[in-house]
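Structural characterization, general
Listed here are the chains, written in short residue letters.
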There are 4 protein chains.
Amino acid sequence: MNRRARTPKAKQEKKEQILAAAKALFFEKGFYGTRIEMIAKKAGVSTGTVYLYYKNKIEVYKALQDEGVGILSEMISQVISWPGMSALAKLSEVARTYYRFHNEYREYFDIMAILCVTPKDLKESESEISKIIDGKTFSLLKMVEGVLQEGIEKSEFISLDTWKATNVFWGMLDGLILLAERRNIENVIGVDLEELFKQALEMSFYGILKQN
Amino acid sequence: MNRRARTPKAKQEKKEQILAAAKALFFEKGFYGTRIEMIAKKAGVSTGTVYLYYKNKIEVYKALQDEGVGILSEMISQVISWPGMSALAKLSEVARTYYRFHNEYREYFDIMAILCVTPKDLKESESEISKIIDGKTFSLLKMVEGVLQEGIEKSEFISLDTWKATNVFWGMLDGLILLAERRNIENVIGVDLEELFKQALEMSFYGILKQN
Amino acid sequence: MNRRARTPKAKQEKKEQILAAAKALFFEKGFYGTRIEMIAKKAGVSTGTVYLYYKNKIEVYKALQDEGVGILSEMISQVISWPGMSALAKLSEVARTYYRFHNEYREYFDIMAILCVTPKDLKESESEISKIIDGKTFSLLKMVEGVLQEGIEKSEFISLDTWKATNVFWGMLDGLILLAERRNIENVIGVDLEELFKQALEMSFYGILKQN
Amino acid sequence: MNRRARTPKAKQEKKEQILAAAKALFFEKGFYGTRIEMIAKKAGVSTGTVYLYYKNKIEVYKALQDEGVGILSEMISQVISWPGMSALAKLSEVARTYYRFHNEYREYFDIMAILCVTPKDLKESESEISKIIDGKTFSLLKMVEGVLQEGIEKSEFISLDTWKATNVFWGMLDGLILLAERRNIENVIGVDLEELFKQALEMSFYGILKQN
DNA sequence: AATGAATGAGAGTTCATTCAT
DNA sequence: CATGAATGAACTCTCATTCAT
């Protein structure tokens with residue numbers, strides 16, 4: 001790696017290097033437990049350099065959130081685009097994908113989740129990137145809504161307010177995963193997360209599926 | 001307001017006075033955005049006095065959580081105890097009650113939610129009160145499970161793993177509320193939370209209700 | 001013990017009660033490690049009561065020093081007053097007594113010793129009791145000087161400046177005891193304190209004894 | 001004075017700059033009477049900078065002790081290495097040197113002395129530097145022992161346990177200086193310290209010198 | 001005389017951010 | 001561009017002393 005990132009490519013690399021370090025640390029120690037100096041050291045740069053690429057600590061955090069939402073969007077959009085799949089199967093796949101994301105990219109998930117519950121601290125600086133994240137989240141939900149609409153059009157599902165149902169569906173998934181994080185499900189509740197997901201989907205689909 | 005709290009009652013009052021100040025501030029500014037000095041000032045006491053009643057900042061926070069869980073438990077236990085009500089109606093009431101709690105005691109809700117997602121920071125100091133809160137949360141869920149069991153016994157619901165279902169049910173509610181917190185539902189999504197709750201319940205109940 | 005010490009005797013008792021508690025704590029935890037509240041609790045009184053009997057923390061400390069010097073003075077004065085004993089034997093007894101005091105009243109010794117090395121902190125408040133302590137220390141040394149004079153008069157010792165010699169003698173004893181405190185003599189140096197005392201006395205007496 | 005110390009040399013200078021400020025303050029106000037902020041201000045840096053060079057307050061203190069022991073060691077080792085000097089003269093020079101150190105580096109002396117008598121407070125944090133100081137103190141005493149051995153070999157002194165005698169000798173010197181510190185010798189006792197040292201040496205040497 | 005709740009000025013330490021080099 | 005030394009406001013928690021009761 002160059003000490004000085006003169007080319008745009010090299011600059012981008014350094015930026016990602018910093019982000020990678022931040023991701024690991026934010027995940028391990030949380031936002032308040034992570035110091036800029038730690039990120040710099042792990043990224044192999046100096047403290048000042050972090051500020052060369054990111055306005056401040058919160059912006060680093062948001063960049064990670066953005067990345068996370070991006071990854072999840074990408075995963076879901078792929079699943080949804082599979083041709084020759086019923087809407088029901090797609091919806092089921094969406095849930096499974098979200099679950100997979102939670103497992104494979106736990107770091108991102110945790111980072112994305114924090115934002116929602118300490119909004120006053122972190123959200124106050126209404127920056128450019130905040131809007132980007134909001135936009136990406138919105139289009140993610142819109143994709144899911146698309147599947148519902150498809151299902152209704154294909155008469156798989158009963159007719160319902162798709163936007164409401166999307167939010168319910170997504171909220172439910174969120175709730176389950178957070179539940180899993182909160183209490184150590186396997187230990188405390190004695191039920192594993194995948195089981196719960198299945199149960200939840202069954203419960204929902206009974207409500208959505210057209211009974212013929 | 002007593003200047004010196006000499007009786008146990010007066011001491012209790014002062015303790016609550018401090019807690020009330022803390023509640024408002026934690027809600028407004030978050031845990032890390034609130035300084036002990038602020039709490040003291042708002043409560044009309046000195047910094048030292050806060051430490052006379054609470055061991056440290058985290059204990060103040062936990063006292064609030066405990067209070068919140070207590071209030072919610074009380075609300076739900078009342079609803080559940082209504083005689084001559086179907087299990088379905090009770091479950092629906094539970095959801096509505098949770099929603100009401102979120103509206104009326106938003107401060108508590110936010111405080112209770114933080115704990116779950118930043119466990120590394122705050123949960124490390126495993127104190128007495130932590131166990132109390134965990135216990136209360138557990139018995140809250142157990143109450144809900146009771147309704148499900150009742151429904152199955154009365155043949156309202158299909159036979160299912162009640163503990164799993166309880167967690168799914170509660171997780172879903174949590175998810176929906178968090179969803180609402182995260183994005184300002186009314187503005188961004190254009191759907192209000194109560195609507196979503198209704199939809200969610202309908203969706204779930206189709207899955208639970210015995211079809212005859 | 002009366003809650004209210006109305007009689008002078010009862011007052012004196014309470015004062016000593018506090019002092020006893022302070023002694024144990026100052027010894028165990030040092031001046032800065034001891035809080036007034038601790039002393040009060042151990043003495044079975046309230047914080048405020050301590051201030052009823054002593055002007056402040058330092059005065060409590062000084063009262064202990066005074067008591068310590070008093071005890072040591074008493075011990076030495078007794079030894080010195082034994083009739084039919086050579087001056088040399090008396091001097092040797094003085095040393096042995098100081099050593100005994102260090103062993104039996106270690107608490108006092110430590111308290112008395114601290115004063116000398118943190119003079120700026122504690123000595124600044126030139127109070128009544130400071131003068132009393134200084135006076136007692138002075139008369140203690142004067143007693144020792146008396147033995148030396150006696151020895152010269154009896155032609156046991158060579159003629160020397162008794163006041164200088166007294167200070168040298170005492171300083172040497174002090175030095176040895178402090179040495180013992182500082183390094184854990186038995187462990188680090190491999191020599192025990194009594195041995196050192198004997199050696200020191202022998203060394204001194206060779207210098208003092210009249211060679212005939 | 002550099003604003004930013006970038007070279008190792010400049011850093012070392014800044015470290016010493018802080019230490020110099022600390023020395024003056026610890027001497028004047030004692031350990032507990034000195035605040036980090038004072039040290040920073042006197043050194044012309046900010047509070048944070050102090051912590052850039054020293055882990056905490058105690059480490060600053062220990063660095064001073066180390067420096068003090070170092071200076072004294074150096075002074076004594078020089079005196080001892082003078083060729084063509086009798087062991088007796090060397091021992092006498094050692095005492096005089098210790099006295100000189102006490103006069104010229106009083107600040108160090110006081111700082112070094114505190115450690116020994118409040119071990120519970122300060123010694124608990126057994127750090128790297130503590131061991132270094134202990135080691136230096138030990139080798140200082142070993143140097144003095146060397147002189148005694150030399151004296152015995154050259155038949156100047158009677159044969160005795162050199163390690164015991166070294167400790168007695170040093171303890172005596174310590175005791176005398178502490179005596180001087182405790183009571184303001186010139187004023188209260190009316191004898192100056194140098195006089196006492198001479199007397200002490202004479203007394204000891206009578207005990208050590210081979211009588212021929 | 002006695003209490004012990006209340007005070008509030010610290011005190012040490014941290015760390016996001018800046019800026020001289 | 002990059003560095004990393006320097007900053008200093010923040011922040012939690014302590015504890016000698018006071019004073020209302």
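Remember, it's a predicted structure, so these values are computed and weren't measured experimentally.

With that settled, consider the environment of Glu-150 of chain B. All names here are of chain B. Mapped onto the elements of the fold, Glu-150 is located in helix H8 (residues 128–153). For the pair Glu-150 and Leu-19, spaced 131 residues apart in sequence, the C-alpha separation works out to 38 Å. Ignoring any residue separated from it by four or fewer positions in sequence, one finds Glu-150 in contact with Met-85, Ala-87 and Lys-90.

Let us look at the protein's contact with DNA strand F. Inspection of the region around DNA strand F gives 40 residues, with Lys-11 of chain A, Arg-35 of chain B together with Arg-4, Thr-49 and Tyr-53 of chain D positioned closest. The sugar-phosphate backbone supplies 69% of the atoms of DNA strand F found within 4 Å of the protein. At 3.1 Å from a base nitrogen of DNA strand F is found a main-chain nitrogen or oxygen belonging to Gly-48 of chain A. One of the side-chain nitrogen or oxygen atoms of Tyr-51 of chain C is found 2.8 Å away from a phosphate oxygen of DNA strand F.

On to the pattern of salt bridges, then. The full count for this structure, using the stated rule, is 38 salt bridges over all chains. The salt bridge partner of Glu-150 of chain B is Lys-90 of chain B, with a shortest N-O separation of 3.2 Å. With Glu-150 of chain B in helix H8 and Lys-90 of chain B in helix H5 (residues 87–104), this pair connects stretches of sequence that are 60 residues apart. Judged by its relative accessible area of 21%, Glu-150 of chain B is partly exposed. For Lys-90 of chain B, a relative accessible area of 7% corresponds to the buried category. A single network of salt bridges, built from pairs that share partners, joins Lys-90, Glu-150 and Lys-154 of chain A.

Right, let's get into the domain arrangement of chain A. Residue and element names in this part refer to chain A. Domain assignment breaks chain A into domain 1 (1–54) and domain 2 (57–208). In this assembly, 11 residues from domain 1 lie in contact with 15 residues from domain 2. Taking both partners together, domain 1 and domain 2 bury about 1400 Å²; carbon and sulfur atoms supply 80% of that area. Interface area lost by domain 1 to domain 2 is led by Lys-23, Phe-27 and Phe-31, which between them contribute 45%.

This part covers the packing of helix H5 (residues 87–104) of chain D against helix H8 (residues 128–153) of chain D. Residue and element names in this part refer to chain D. Interaxial distance between H5 and H8 falls to 9 Å at its minimum, and their mutual angle equals 160 degrees. Classified by the angle between their axes, H5 and H8 sit roughly antiparallel to one another. Here H5 and H8 pass one another in a crossing that is left-handed. Facing H5, whose interface residues are Ala-87, Lys-90, Leu-91 and Val-94, H8 presents Val-144, Val-147, Leu-148, Glu-150 and Gly-151.

Quick look at H5 of chain D now. Spanning 18 residues, H5 of chain D covers 25 Å between terminal C-alpha atoms, matching the ideal 26 Å at 1.5 Å per step. Where H5 of chain D is concerned, the buried positions are Ala-87, Lys-90, Leu-91, Ser-92, Glu-93, Val-94, Ala-95, Thr-97, Tyr-98, Tyr-99, Phe-101 and His-102 of chain D.

For DNA strand E, the set of nearby residues contains 40 residues, the closest of which are Arg-4, Thr-49 and Tyr-53 of chain B together with Arg-35 and Lys-57 of chain D. The sugar-phosphate backbone supplies 66% of the atoms of DNA strand E found within 4 Å of the protein. Broken down by secondary-structure element, the contributors of at least two residues to the surface near DNA strand E are helix H3 (47–53) of chain A, helix H1 (8–33) and helix H3 (47–53) of chain B together with helix H1 (8–33) and helix H3 (47–53) of chain C. Considering only residue class, the surface near DNA strand E consists of 12 nonpolar, 13 polar and 15 charged.

Tallied over the full model, the rule gives 38 aromatic pairs over all chains. Look at Tyr-105 of chain C and Tyr-108 of chain C: their rings are 6.1 Å apart centre to centre, the planes differ by 45 degrees, and that puts the pair in the tilted class. According to the relative accessible area criterion, Tyr-105 of chain C is partly exposed, its value standing at 27%. Every member of this aromatic cluster is reached through a ring pair, and the members are Phe-26, Phe-31, Tyr-32 and Tyr-61 of chain A together with Phe-26, Phe-31, Tyr-32 and Tyr-61 of chain B.

Attention now moves to the packing of H1 of chain C against helix H4 (residues 57–81) of chain C. Residue and element names in this part refer to chain C. Taken N-terminus to C-terminus, the directions of H1 and H4 make an angle of 105 degrees; their axes are 10 Å apart at the nearest point. Between H1 and H4, the angle falls in the class roughly perpendicular. Note on element contacts: H4 touches H1 through Lys-57, Ile-58, Val-60, Tyr-61, Ala-63, Leu-64 and Glu-67, opposite Leu-19, Ala-22, Lys-23, Phe-26, Phe-31 and Tyr-32. Tallied by class, residues from the contact of H1 with H4 come to 10 nonpolar, no polar and three charged.

A positive phi angle, close to 60 degrees, is found at Ser-155 of chain A, a residue other than glycine. With respect to the helices, strands and loops of the structure, Ser-155 of chain A is situated in the loop between helix H8 (128–153) and helix H9 (162–182).

Residues and elements named next belong to chain D. Helix length check: helix H1 (residues 8–33) (26 residues) gives 32 Å between terminal C-alpha atoms against 38 Å at 1.5 Å per residue, more than 12% under. At Phe-27, H1 is deflected by roughly 85 degrees, the largest bend along its length. Among all positions in H1, only Ala-10, Lys-14, Gln-17, Ile-18, Leu-19, Ala-21, Ala-22, Lys-23, Leu-25, Phe-26, Gly-30 and Phe-31 are buried.

With respect to the element layout, Thr-49 of chain C can be found in helix H3. Excluding residues within four positions of it along the chain, Thr-49 of chain C makes contact with Lys-14 and Ile-18 of chain C.

General note: in soluble globular proteins, nonpolar side chains tend to be found buried as a group. Counting residues in hydrophobic clusters, the biggest one holds 111 residues, and the most contacted among them are Phe-26, Phe-101 and Trp-170 of chain C together with Phe-26 and Trp-170 of chain D. With 11 residues, the top contributor of residues to this core is H4 of chain C. In contact with Phe-101 of chain C, not counting residues within four places along its chain, are Gly-68, Ile-71, Leu-72, Met-75, Arg-106, Tyr-108, Phe-109 and Met-112 of chain C. In this structure, Ile-76, Val-94, Tyr-99 and Trp-163 of chain B belong to the second largest nonpolar core, which totals 57 residues.

Thresholds applied
- Residues numbered from 1 in each chain as written.
- Chains lettered and ligands numbered in written order.
- Predicted model: local features only at pLDDT ≥ 70, side-chain atom pairs only at ≥ 80, totals over all residues.
- Heavy atoms only, no water.
- Helix = DSSP H or I, 4+ residues; strand = E, 2+ residues; numbered from the N terminus.
- Contact = heavy atoms within 4.5 Å.
- Near = heavy atom within 4 Å.
- Polar contact = N/O pair within 3.5 Å; in protein donor to acceptor, adjacent residues only side chain to side chain.
- Salt bridge = Lys/Arg side-chain N within 4 Å of Asp/Glu carboxyl O.
- Buried < 20%, exposed > 50% of the residue type's maximum accessible area, 1.4 Å probe, protein only.
- Domains from an automatic or database assignment.
- Buried area = accessible area lost by both parts, 1.4 Å probe.
- Axes fitted to C-alpha atoms, helices over the stretch in contact; angles between N-to-C directions.
- Parallel < 35°, antiparallel > 145°, perpendicular 65-115°, else oblique.
- Left-handed = near helix turned anticlockwise from the far one by under 90°.
- Expected span 1.5 Å × (residues − 1).
- Nonpolar A, V, L, I, M, F, W, Y, C, P; charged D, E, K, R; others polar.
- Phe/Tyr/Trp six-rings, centres within 6.5 Å; stacked < 30°, edge-to-face > 60°.
- Bend = angle between axes of the 7 residues up to and from the residue.
- Core = buried A, V, L, I, M, F, W, Y, C linked by side-chain atoms within 4.5 Å.

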